[in-house]
Amino acid sequence: MSDIDELVQKFKEKIIETEKNEQFKESVVNPLAERVFAKNFLGVFKELALKINEKIGFKVITFLQDNKNRFSVSGQYHRIHFQKCNVEIIENIITVSIIPLYVWKGVSKHFEPISFFINLHDESVSWDIPEGSVDKYCKNLFMKFIEDIDFSM
C-alpha cells in the first residue's frame, strides 16, 4: 500500500509543478512573445506596407491582420500568410516559430520558417532570419512582389 501512496505523492508533485510552469508561461512568456511578434515582426510589415502605399498614392500592398498570431501581406497575385506558432522555453530562452506560407495564383508553398529568441534574463531578442534583420527580410519579400513577371498594378 505504501508504494501506491508514494506514486500518488509523486503525481501530485508533478501536477503542482506543471501548473506552476503553465501559469508562468501564460502570465510571462506568452505576453512577451506576443509583444515581440506584434512590434518587431508584424509591426515592421505593417509600417513598410503603409509607407509604400502612401508614397505611391494607392494600395499596391494589402496588409491584413487576422488575429494576434496571424497576418498576411498581398499584392495583386501574391499573398504571404505569417502564423506565429510554437512558443517554447529552454534554459531561460523563449523560442518562437513563425511559419510563412506563400500563395501565388492559388499555388501554395512554405517559405523557410523564421524563429526569434528572447532571453528571459534581459529580454534581449535575436532572430534566425537569412537576411539578418526583419526589416531586410520584409523588403526582400516585397521586392519579390515587384520582380515577378505577373506583378501588375
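Engineer: Looking at this structure, how should I read the overall build of the chain?
Structural biologist: Along its length, the chain carries two helices and seven strands. If you list the helices and strands of the chain from N to C, you get α-β-β-β-β-β-β-β-α. Summarising its shape, the C-alpha atoms of the chain cover approximately 75 × 35 × 25 Å along the three principal directions. Per-residue burial for the chain yields a buried fraction of 33% across its 153 residues. Charged side chains in the chain number 20 positive and 23 negative. The centres of these two groups are separated by 8 Å.

Engineer: Is there a simple way to think about the side chain of N30 in this case?
Structural biologist: Locating N30 in the fold gives a position in helix α1 (residues 2-56). Separated by 3.1 Å, the side chains of N30 and E26 make a polar contact. When near neighbours in sequence (up to four residues on either side) are disregarded, N30 contacts K25 and V87.

Engineer: Please explain the nonpolar core as it appears in this structure.
Structural biologist: Side chains that are nonpolar tend, in soluble globular proteins, to be buried together. Residues F41, F45, F71, V73, F82, Y137 and F142 are the most contacted members of the largest nonpolar core, which totals 35 residues. Of all the elements in the fold, those that place two or more residues in this core are α1, β2 (70-74), β3 (78-90), β4 (93-104), β6 (114-119) and α2 (134-147). Counting residues per element, this core draws most heavily on α1, at 11 residues.

Engineer: Sorry, what's going on with the pattern of salt bridges here?
Structural biologist: Close approach of charged atoms allows side chains with opposite charge to pair. Per the counting criterion, the structure on display carries five salt bridges. For K68, the salt bridge is made with E34, and the minimal N-O distance between the two is 3.3 Å. With a gap of 34 residues between them, K68 in the loop between β1 (62-67) and β2 and E34 in helix α1 connect regions that are remote in the sequence. Assessed through its relative accessible area of 24%, E34 is described here as partly exposed. Note that D135 is salt-bridged to K139, the shortest N-O span being 3.0 Å. Here the residue D135 and the residue K139 both occupy positions in helix α2, the gap between them amounting to four residues, near one helical turn. Here K139 falls in the partly exposed class, since its relative accessible area comes to 44%.

Engineer: Before we go on, may I ask you to explain the pairing of β1 in this structure?
Structural biologist: Successive side chains on a regular strand alternate, one facing one side of the sheet and the next facing the other. Taken together, the five bridges between β1 and β2 define a ladder with antiparallel strand orientation. Opposite T62, over in β2, you have S74 as the bridge partner.

Engineer: What should I look at first to understand the pairing of β4 in this one?
Structural biologist: Note that β3 and β4 share 11 bridges and pair antiparallel. Residue I90 lies in a different strand from β4, and its bridge partner there is I93. Between β3 and β4, which pair antiparallel and follow one another directly, the connecting turn spans two residues, one of which, E91, has a positive phi of 50°. As paired elements, β4 and β6 share six bridges and run antiparallel to each other. Across the sheet, the residue bridging to T95 is F117, located in β6.

Procedures and definitions
Residues numbered from 1 in each chain as written. Predicted model: local features only at pLDDT ≥ 70, side-chain atom pairs only at ≥ 80, totals over all residues. Heavy atoms only, no water. Helix = DSSP H or I, 4+ residues; strand = E, 2+ residues; numbered from the N terminus. Buried < 20%, exposed > 50% of the residue type's maximum accessible area, 1.4 Å probe, protein only. Lys, Arg positive; Asp, Glu negative; His and termini not counted. Charge placed at Lys NZ, Arg CZ, Asp CG, Glu CD. Polar contact = N/O pair within 3.5 Å; in protein donor to acceptor, adjacent residues only side chain to side chain. Contact = heavy atoms within 4.5 Å. Core = buried A, V, L, I, M, F, W, Y, C linked by side-chain atoms within 4.5 Å. Salt bridge = Lys/Arg side-chain N within 4 Å of Asp/Glu carboxyl O. Pairing = 2+ DSSP bridges.

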